[in-house]
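# Observations on chain architecture
Chain by chain, the residues:
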Amino acid sequence: TGTMDLTQLTDPKLDLKMAVKQALLFRNDTMSLRADGNLTCTGSLTKADVAGRVELVRGRVFKEIEFLPLSFPDQLPPRLLNVSTTATPPSAPLVFADWNLNVDIVTSEPIRLLGNVLNGRAVADLHLSGTGALPVLEGKISQQGARVKLPFSRLELTRGDIIFTKDRPFDPQLDLQGDSMVGNTQVTVYATGSAAKPALRFT
């Protein structure tokens, strides 16, 4: 709903409100995510302010992981995937480059983590700011009741945060702790640092 003033056809004035209900944001073979939300857009086509709140709903993550991939004799093991953090940060199309962003992103209901190895829930408390050309994502995604099924034990994630900071908005940092009993030994695993190249420590 709202209005568009077309007095200046090259730069029309905008005063718009948008309400969404279970809008499909993303879906592929491993992930599905929808959202409710209320947003406002005021200003002009070349420079507008977008503000409001987006609530993530019906989020599902499906992932099957093979710990010990099967192979035939004389066959090389599968190549590990390379993860790079040098990818270009996301940006909006050029027409939205100077638009200012002020949007809260939260989970209305936890995102469900489903798979043969990792199960649990995740909740998000994020804020999107910056501009269309240089968006900034801050906040964190926290794991709830997450557990990892290992070949000989179960690892419970007692602390699990994925943290987005202003200086590295799209290279999230990990702060994870998992505890497991292997026989009569308690093993604690810590994962910290960049999500692409985490540092692991065992005690």
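Every value quoted in this text rests on a predicted model; they were computed, and no experiment measured them.

A few words on the overall build of the protein chain. The secondary structure content of the protein chain amounts to 0 helices and 12 strands. Listing the helices and strands of the protein chain from first to last along the sequence gives β-β-β-β-β-β-β-β-β-β-β-β. Looking at the protein chain residue by residue over its 203 residues, the buried ones come to 31%. The contacts in the protein chain between residues at least 6 apart in sequence include a share of 45% that link residues at least 24 apart. Split by element, the accessible area of the protein chain, about 13700 Å² in all, is 58% carbon and sulfur.

Take unusual backbone geometry next. The phi torsion at Gln-22 lies on the positive side, around 55°, for a residue other than glycine. In this structure Gln-22 comes out as partly exposed when scored by relative accessible area, which is 34%. A positive phi angle, near 50°, is found at Arg-58, a position not held by glycine.

The next thing to look at is the packing of aromatic side chains. Here the distance between the centres and the angle between the planes together describe a pair of aromatic rings. Taken as a whole and assessed by the stated rule, the structure comprises 1 aromatic pair. Judged by centre distance (4.7 Å) and plane angle (75°), the rings of Phe-96 and Trp-99 are edge-to-face. The exposure class assigned to Trp-99 is buried, which follows from its relative accessible area of 11%. The ring of Tyr-190 carries the charged tip of Arg-201 above its face, separated from the ring centre by 4.4 Å.

Residue position: Leu-94 is located in the loop between β4 (48-63) and β5 (100-107). Since its relative accessible area comes to 77%, Leu-94 is described here as exposed. With 48 residues separating them in the primary sequence, Leu-94 and Thr-46 have C-alpha atoms 9.6 Å apart.

Pairing analysis gives 12 bridges linking strand β3 (residues 31-44) to β4, with the strands arranged antiparallel. Across the sheet, residue Met-31 finds its bridge partner in β4, namely Val-61. Looking at chain direction, β4 and strand β6 (residues 111-115) are connected through 4 bridges and run parallel. By the bridge assignment for β6, Phe-62 is matched with Leu-114.

Moving on: the nonpolar core. In this structure, Leu-56, Val-103 and Ile-105 are the most contacted members of the largest nonpolar core, which totals 20 residues. Put simply, the parts of the chain that give this core at least two residues each are β3, β4, β5 and β7 (118-130). Not counting chain neighbours up to four residues away, the residues in contact with Ile-105 comprise Val-54, Leu-56, Ala-124, Asp-125, Leu-126, Leu-128 and Leu-137.

The next point concerns the side chain of Ser-44. Its location among the elements puts Ser-44 in strand β3. Within the structure, the side chain of Ser-44 is placed 3.2 Å from the side chain of Asp-11, a separation counted as a polar contact. Once residues within four sequence positions are removed from consideration, Ser-44 is found in contact with Asp-11, Pro-12, Lys-13, Leu-14 and Trp-99.

The subject of this paragraph is the pattern of salt bridges. This model, assessed by the stated rule, comprises 5 salt bridges. With its nearest N and O atoms 3.6 Å apart, the salt bridge here joins Lys-21 to Asp-36. One end of the pair, Lys-21, is in strand β2 (residues 13-27); the other, Asp-36, is in strand β3, with 15 residues separating them in the sequence. Since its relative accessible area comes to 12%, Asp-36 is described here as buried. For Arg-168, the salt bridge goes to Asp-171, with nearest N and O atoms at 2.4 Å.

The rules behind these values
- Residues numbered from 1 in each chain as written.
- Predicted model: local features only at pLDDT ≥ 70, side-chain atom pairs only at ≥ 80, totals over all residues.
- Heavy atoms only, no water.
- Helix = DSSP H or I, 4+ residues; strand = E, 2+ residues; numbered from the N terminus.
- Buried < 20%, exposed > 50% of the residue type's maximum accessible area, 1.4 Å probe, protein only.
- Contact = heavy atoms within 4.5 Å.
- Areas by Shrake-Rupley, 256 points an atom, 1.4 Å probe, with all protein chains shown as cover.
- Phe/Tyr/Trp six-rings, centres within 6.5 Å; stacked < 30°, edge-to-face > 60°.
- Lys NZ or Arg CZ within 6 Å of the ring centre and 35° of its normal.
- Pairing = 2+ DSSP bridges.
- Core = buried A, V, L, I, M, F, W, Y, C linked by side-chain atoms within 4.5 Å.
- Polar contact = N/O pair within 3.5 Å; in protein donor to acceptor, adjacent residues only side chain to side chain.
- Salt bridge = Lys/Arg side-chain N within 4 Å of Asp/Glu carboxyl O.

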